[in-house]
Amino acid sequence: MVSSIGGVDPNLLLSDADSPVEGGTSLYDLDSPASNLYSSYPNFCYPGSGDNTFSSCLFTTLYEEDEFRELCCRMEGSPMTSPEIDRSFHDVYPTRPTIYHVLRMFDSIRGFHQGYLDLSGRHPDRYYALQSQWNRYLSHFLNLETEILTCEELNAIGIPNGYHVVHDTRHWRLFQTKWRIPHSTSYAQLLKCTQRVLREIKRRPVPNFQKIRLTDLPAEVLDNIVKFAPTPHAKLLACTCRLLNEISQRHIFRSWQMKLQVPSEISPFNAEYSSFNLPTVAEYCRKDLVKNADFLAKTPHISHRIRKLVVFDEWWVRRRAHPHENNPFVLGMDFYKSVNQTLGLALRCASKLSTLVLQNLELSLELCRRISEISTLHTLDLHLCRIPRSVRKRLAVDSVPLSSQISNLHIYMDSGFQETHSQWYSLLLCPQIRTLSVVQFGEGAFPTLDTSIWVKCRLTALERFSLDNVDYGDLVELMQFLGNNKTSIAHLTHFKLHMDWGIPDSEVLTLLLALEGAPLEVLVLEGLAEAEFALFARIASQYPDLVALTLIRRQNHNQHQNKLVIWPHASWEYASYLRGFKVLRHFCWNFLTEYWDATPTLLLAFEGGFPSPSENRVLEYDPSDDLPYFLDSHWMALPFAAYCPTLLSFSLMDRTIDMACCITRDLKNGRTILTPKYYPLHSFNSWDSKQWNTTSFHWPLLLPCKYS
């Protein structure tokens, strides 16, 4: 039977089940693109973000990213540059026939009725404009001249197996041209997508408009939202309205990266036999760096928002990785003179910079001057940098402008590269630092420093000091300097020493003698080889006002990490030495209690015969619901809490904080209450553990402060 109609019946379009149209697939099945904006991160970068494309594409509407990737595939092998592809995408590509136009309309209509929220918002004005477009589309679609043909084959009970739709070819081509639908799309696929939209409208006839907007929140809340959002999401939020753009730009451009990059195609191995002309490649890389700096100079509204600048020289890294004499990565002095001028331009543009990270760079005299001119700079990170001999001589005679505004100095050295040892001279460049962190990589020894550095060094404002695997010779000279210059430790409140190899107690006692007189509040010693009672007694007698104490032992020469180890004596034998502390609140160590040891909970369970939950017996202890009986290392905190009434936390270190036990006392009967948490999160503690036991390379930052 054949039924001819002038258009498709809307009741047919609103059928509850998908009709068996020809092909059996829909547009969604054919293209299967993401149906919402957050399906993937936008392919976008700013200059300095690590990508040299300088692309300015932000995808703020449905399927826009799919369209862009499709264009990139079409342009693959084309000589067009990335900016040209961007312009093609915004100017030319939207006029091309593509199924994404109608898919965007379909999903937007469904989103209003289902209550989806995208970056454009569900506002009445937007819906009315979208509804007008949808009504025109539906009218044209229903006016297509079609006819429905039933299948001649019958099923087992004599009913036709289905039907299929036949449309007028000429009218269908006109419809495709009007709505920019590609010729590869069939009528059946479009029919199936239209059915989905109509079923959604029937299920929820009233659109769900927004009653409250994101911008109705206080500005402080919006600032925190953008602060914790991933950078791609923050960039998208910046494209929605002026308010969110102003808030987002403060965080999007807070950090900026400048890299003298080596193309990934150039390997550091056998580079002398490479087909690339390395000097020419280096010149192009330098021009990219200049382009980055020029961008900052031409966009002051961006450069003034930068708070952290990271500068990285990959060519010097490749130079270090090439041990041969005829090193092809060695660049001339004129080349680096131009690079330093470029970096100086960038530092002048970033006038509100607070953190500067220099990696594998040479601190030339020009660069030192530019650093001293940034009044807002308070943190300087030097990663494997080098200070040339000419600058070191000038620093020794006070002929270099000092950076007295810097209060946080972090130095990273590698004993495999002797020139990084010269970074010690940055102590002369930054005489008013409040926090100092020195980290050494590698196993070799450094040459002895020139005594002039310790003669000129002052460090009169130093409050927090962290040493990580420093060379033993440097450690001895540094301790001698601190011992002979008591003004350098007059404000020292935090001290941390981390060594991968164990240090004898005698050397630790010598170190403590050099720090005698310092008003220490936090002491961290990681790498004790012996950890005898004499060390505990010395710490308690010399620093009775400690607030936090962390002691980590190395069991043997093969252990280099902060893992749980066996200590020389029982845990309760160390507890009595805590009576010498007056205000100690936090104690942490890496004392190992094997799970098969007879711990208090296990003994009580043993005496009770290990009753099963089904037996009507009551144990004489109150086990925690989330702790098995062999996880009760927190009980060793009881004697420490008894000898030190001010103790608030007792922690075990196993690479990080493995167990944190909060200690409280009942005001009525004085009973000690332990609240343990194994593998704790930071939110579990009411205190900030980084303030008393930093597991990173440096203490939390401090702002500049003037001392009289």
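Quick caveat, the model's predicted, so the values are computed rather than measured. (Residues numbered from 1 in each chain as written. Predicted model: local features only at pLDDT ≥ 70, side-chain atom pairs only at ≥ 80, totals over all residues. Heavy atoms only, no water.)

### Concerning the overall build of the chain
Link 1 in the chain: From N to C terminus, the chain includes 25 helices and 17 strands.
Link 2 in the chain: Each of the 708 residues in the chain was classed as buried or not, and the buried ones make up 47%.
Link 3 in the chain: Nonlocal contacts in the chain, meaning residues at least 24 apart in sequence, comprise 75% of its contacts between residues at least 6 apart.
Link 4 in the chain: Of the accessible surface of the chain, which amounts to about 35300 Å², a share of 54% is contributed by carbon and sulfur atoms. (Helix = DSSP H or I, 4+ residues; strand = E, 2+ residues; numbered from the N terminus. Buried < 20%, exposed > 50% of the residue type's maximum accessible area, 1.4 Å probe, protein only. Contact = heavy atoms within 4.5 Å. Areas by Shrake-Rupley, 256 points an atom, 1.4 Å probe, with all protein chains shown as cover.)

### Let's talk about the packing of helix H6 (residues 124-142) against helix H8 (residues 187-203)
Link 1 in the chain: Remark: H6 packs on H8, axes separated minimally by 12 Å, with the N-to-C direction vectors making an angle of 130°. As summarised for this structure, H6 and H8 are arranged oblique, according to the angle between their axes. The two elements H6 and H8 meet at a crossing, and its hand is left-handed. For the pair H6 and H8, the contacting residues are Trp134, Tyr137, Leu138 and Phe141 in the first and Tyr187, Leu190, Leu191, Thr194, Val197, Leu198 and Ile201 in the second. (Axes fitted to C-alpha atoms, helices over the stretch in contact; angles between N-to-C directions. Parallel < 35°, antiparallel > 145°, perpendicular 65-115°, else oblique. Left-handed = near helix turned anticlockwise from the far one by under 90°.)

### Regarding the side chain of Ser364
Link 1 in the chain: You can see Ser364 is positioned in the loop between strand S6 (355-359) and helix H16 (365-372).
Link 2 in the chain: When residues no more than four places from it in sequence are discounted, the contact partners of Ser364 are Asn340 and Val391.

### Some points on helix H9 (residues 219-228)
An α-helical turn contains 3.6 residues, so any two residues separated by three or four positions project in the same direction.
Link 1 in the chain: Taken residue by residue, H9 has Leu222, Asp223 and Val226 as its buried positions. Along H9, the residues classed as buried sweep out an arc of 105° about the axis, all on the same side. Exposed positions of H9 whose direction lies more than 90 degrees from the buried face are Glu220 and Phe228.
Link 2 in the chain: Buried-residue contacts for H9 involve helix H10 (231-238) and helix H11 (242-252). (Arc of directions from axis to C-beta.)

### As for the packing of aromatic side chains
Link 1 in the chain: Enumeration according to the criterion identifies 39 aromatic pairs in this entry.
Link 2 in the chain: Taking the centre distance of 6.1 Å and the plane angle of 80° together, the rings of Phe106 and Trp134 count as edge-to-face. Taken together, the residues span a long stretch of sequence, with Phe106 in helix H5 (residues 100-114) and Trp134 in helix H6 at a distance of 28 residues. Pair check on accessibility: Phe106 and Trp134 agree, each one buried.
Link 3 in the chain: Taken together, the aromatic side chains of Phe533, Phe536, Trp567, Tyr574, Tyr577, Phe587, Trp589, Phe591, Phe640 and Phe650 make up a single cluster linked through ring pairs.
Link 4 in the chain: A cation sits over an aromatic face here: Arg320 above Phe417, 5.1 Å from the ring centre.
Link 5 in the chain: The residue whose ring lies beneath Arg392 is Tyr425, and the NZ or CZ to ring-centre distance is 5.7 Å. (Phe/Tyr/Trp six-rings, centres within 6.5 Å; stacked < 30°, edge-to-face > 60°. Lys NZ or Arg CZ within 6 Å of the ring centre and 35° of its normal.)

### Quick word on the environment of Leu343
Link 1 in the chain: Secondary-structure assignment places Leu343 in helix H15 (residues 333-349).
Link 2 in the chain: C-alpha separation for the pair Leu343 and Arg370, spaced 27 residues apart in sequence, amounts to 8.9 Å.

### Considerations on H16
Link 1 in the chain: The buried fraction of H16 is high, at 6 of 8 residues.
Link 2 in the chain: Among all positions in H16, only Leu365, Leu367, Cys368, Arg370, Ile371 and Ser372 are buried.
Link 3 in the chain: Where H16 is buried, its residues meet H15, S6, helix H17 (389-396) and helix H18 (426-429).

### Some remarks on the side chain of Thr420
Link 1 in the chain: Summarising the element assignment, Thr420 is placed in the loop between strand S8 (408-414) and H18.
Link 2 in the chain: Taking the relative accessible area as the measure of exposure, Thr420 reaches 0% and is therefore buried.
Link 3 in the chain: Among the polar contacts made by the side chain of Thr420, one reaches the main-chain carbonyl oxygen of Phe417 at a distance of 2.7 Å.
Link 4 in the chain: Apart from the residues lying within four places of it in its own chain, the contact partners of Thr420 are Arg320, Leu384, Cys385, Met413, Asp414 and Phe446. (Polar contact = N/O pair within 3.5 Å; in protein donor to acceptor, adjacent residues only side chain to side chain.)

### Some remarks on the confidence of the model for the chain
Do not read the predicted coordinates in detail wherever pLDDT is low.
Link 1 in the chain: The share of residues in the chain with pLDDT of 70 or more is 76%, and the mean pLDDT across the chain is 80.
Link 2 in the chain: With pLDDT under 50 throughout, residues 1-55 is counted as low confidence; its partners more than four residues away or in other chains account for 138 contacts.
Link 3 in the chain: Note that pLDDT drops below 50 for residues 682-687; the model gives that stretch 12 contacts with residues more than four away or on any other chain. (pLDDT = per-residue confidence, 0-100.)

### Describing the pattern of salt bridges
Link 1 in the chain: Applying the stated criterion across every chain yields a total of 16 salt bridges.
Link 2 in the chain: Across the salt bridge formed by Glu366 and Arg370, the nearest N and O atoms sit 2.8 Å from each other. You can see Glu366 and its partner Arg370 sitting in helix H16, 4 residues apart, about one turn around the helix.
Link 3 in the chain: Using a relative accessible area of 31% as the deciding quantity, one classes Glu366 as partly exposed.
Link 4 in the chain: Residue classification places Arg370 among the buried residues on the basis of a relative accessible area of 17%.
Link 5 in the chain: With a closest N to O distance of 3.6 Å, Asp398 and Lys456 form a salt bridge. (Salt bridge = Lys/Arg side-chain N within 4 Å of Asp/Glu carboxyl O.)

### Points about a nonpolar patch on the surface
Link 1 in the chain: Together, Leu214, Leu217, Val221 and Ile225 make up an exposed nonpolar region whose accessible area comes to about 270 Å².
Link 2 in the chain: With respect to the element layout, Val221 can be found in helix H9. (Patch = residues over 30% accessible without salt bridge, like charges linked within 9 Å, V, L, I, M, F, W, Y side chains within 5 Å.)

### Comments concerning the state of the cysteines
Simply put, the disulfide is a covalent bond whose two ends are the sulfur atoms of two cysteines.
Link 1 in the chain: For the structure shown, the criterion picks out 0 disulfides.
Link 2 in the chain: Left without a disulfide partner, Cys661 is nearest to the cysteine sulfur of Cys662, which lies 6.9 Å away. (Disulfide = S-S within 2.5 Å.)

### A look at the nonpolar core
Link 1 in the chain: If you look at the biggest cluster of nonpolar residues, it comprises 132 residues, and the most contacted ones within it are Trp315, Leu358, Leu467, Phe495, Ile539, Trp589 and Phe650.
Link 2 in the chain: If we skip the residues at most four places from it in the chain, Phe650 touches Phe587, Trp589, Met636, Ala637, Phe640, Met659, Ala660, Cys661 and Ile663.
Link 3 in the chain: Counting residues in each nonpolar core, the second largest holds 27 residues, with Leu103, Leu138, Leu190 and Cys193 among its members. (Core = buried A, V, L, I, M, F, W, Y, C linked by side-chain atoms within 4.5 Å.)

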